[in-house]
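Here's the letter readout for the chains.
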Amino acid sequence: MKRYLPVFAVAAALVFGLTAYAHHSIGATYDGNKEIKLTGKIVEFDFRNPHAFVHVEAPDAKGVVQRWAVEWGGASSLGGQGVTRTSLKAGDEVVITGNPARGLDNGVHRVKMNTLLRPRDGFGWGTKKGEVVD
């Protein structure tokens, strides 16, 4: 059994190394110095790991409605913060603030979620209770 220990150690290092390599850098993907606000309707909510996504139809800076992919935390993390797979549904009106993807000027419609507010009932994430996203 002891002679297989180095083999297991190498295999574990390869598996965990590949997982870490596959994960992208938030700073390389999104511009932390800029924040945009999206007001629109949810098209799809992907509640999954390693990152959940909210897909929203909302106007861009020129007023043209686009489908935005808004990257959020993972399902396991969000679940601990009170967000479930049924928290958001297609058709929900939302206001989202977030950091735009680098390359937004080149037609990339992707954002890292900072705050989310559903005005209909006040459901929010990333905001303090009662705080309004403007």
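Before any of the text, the structure's been laid out above.
Small disclaimer: the values here were computed from a predicted structure and weren't measured. (Residues numbered from 1 in each chain as written. Predicted model: local features only at pLDDT ≥ 70, side-chain atom pairs only at ≥ 80, totals over all residues. Heavy atoms only, no water.)

## Looking at the overall build of the protein
Now for step 1: Within the protein one finds three helices and six strands.
Now for step 2: If you list the helices and strands of the protein from N to C, you get α-α-β-β-β-α-β-β-β.
Now for step 3: Going through the 134 residues of the protein one by one, you find that 34% of them count as buried.
Now for step 4: If you take every contact in the protein between residues at least 6 apart in sequence, the share linking residues at least 24 apart comes to 56%.
Now for step 5: About 8,500 Å² of surface is accessible on the protein, with carbon and sulfur atoms providing 58% of the total. (Helix = DSSP H or I, 4+ residues; strand = E, 2+ residues; numbered from the N terminus. Buried < 20%, exposed > 50% of the residue type's maximum accessible area, 1.4 Å probe, protein only. Contact = heavy atoms within 4.5 Å. Areas by Shrake-Rupley, 256 points an atom, 1.4 Å probe, with all protein chains shown as cover.)

## Regarding the packing of aromatic side chains
Now for step 1: By the definition in use, this model includes three aromatic pairs.
Now for step 2: An angle of 50 degrees between the planes, with centres 5.9 Å apart, marks the rings of F45 and W72 as tilted. Of this pair, F45 sits in strand 1 (residues 36-46) while W72 sits in the loop between strand 3 (65-71) and helix 3 (75-79); the two residues are 27 residues apart in sequence, bridging distant segments of the chain.
Now for step 3: Judged by relative accessible area, which is 15%, F45 ranks as buried.
Now for step 4: Residue classification places W72 among the buried positions, given a relative accessible area of 3%. (Phe/Tyr/Trp six-rings, centres within 6.5 Å; stacked < 30°, edge-to-face > 60°.)

## Section: the pattern of salt bridges
Now for step 1: Evaluated as defined, the whole model comprises eight salt bridges.
Now for step 2: R110 is paired through a salt bridge with E71; the nearest N and O atoms lie 2.9 Å apart. Taken together, the residues span a long stretch of sequence, with R110 in strand 5 (residues 110-118) and E71 in strand 3 at a distance of 39 residues.
Now for step 3: With relative accessibility at 27%, the residue R110 sits in the partly exposed group.
Now for step 4: Taken together, the shared-partner salt bridges connect D92, R118, R120 and D121 into one network. (Salt bridge = Lys/Arg side-chain N within 4 Å of Asp/Glu carboxyl O.)

## Quick word on the nonpolar core
Now for step 1: Ranked by internal contacts, the top residues of the largest apolar core, which has 22 residues, are V54, V70, W72 and I96.
Now for step 2: At the level of elements, strand 1, strand 2 (53-59), strand 3, helix 3, strand 4 (93-100), strand 5 and strand 6 (123-125) are the ones that each hand at least two residues to this core.
Now for step 3: Not counting chain neighbours up to four residues away, the residues in contact with W72 comprise F45, H51, A52, V54, L78, V83, L88, M113 and W125. (Core = buried A, V, L, I, M, F, W, Y, C linked by side-chain atoms within 4.5 Å.)

## Some remarks on unusual backbone geometry
Now for step 1: For the peptide bond that leads from N49 to P50, omega is 5 degrees, which places it in the cis range.
Now for step 2: Note that P50 resides in the loop between strand 1 and strand 2.

## Observations concerning the pairing of strand 3
Now for step 1: With seven bridges joining them, strand 2 and strand 3 adopt antiparallel strand pairing. Within strand 3, the position partnered with A58 by the bridge is Q66.
Now for step 2: Counted along the chain from strand 2 to the antiparallel partner strand 3, the turn is five residues long, and its residue G63 has a positive phi close to 85 degrees.
Now for step 3: Inspection of the sheet shows strand 3 paired to strand 5 by three bridges, in the parallel sense. Within the sheet, the bridge partner assigned to A69 lies in strand 5 and is R110. (Pairing = 2+ DSSP bridges.)

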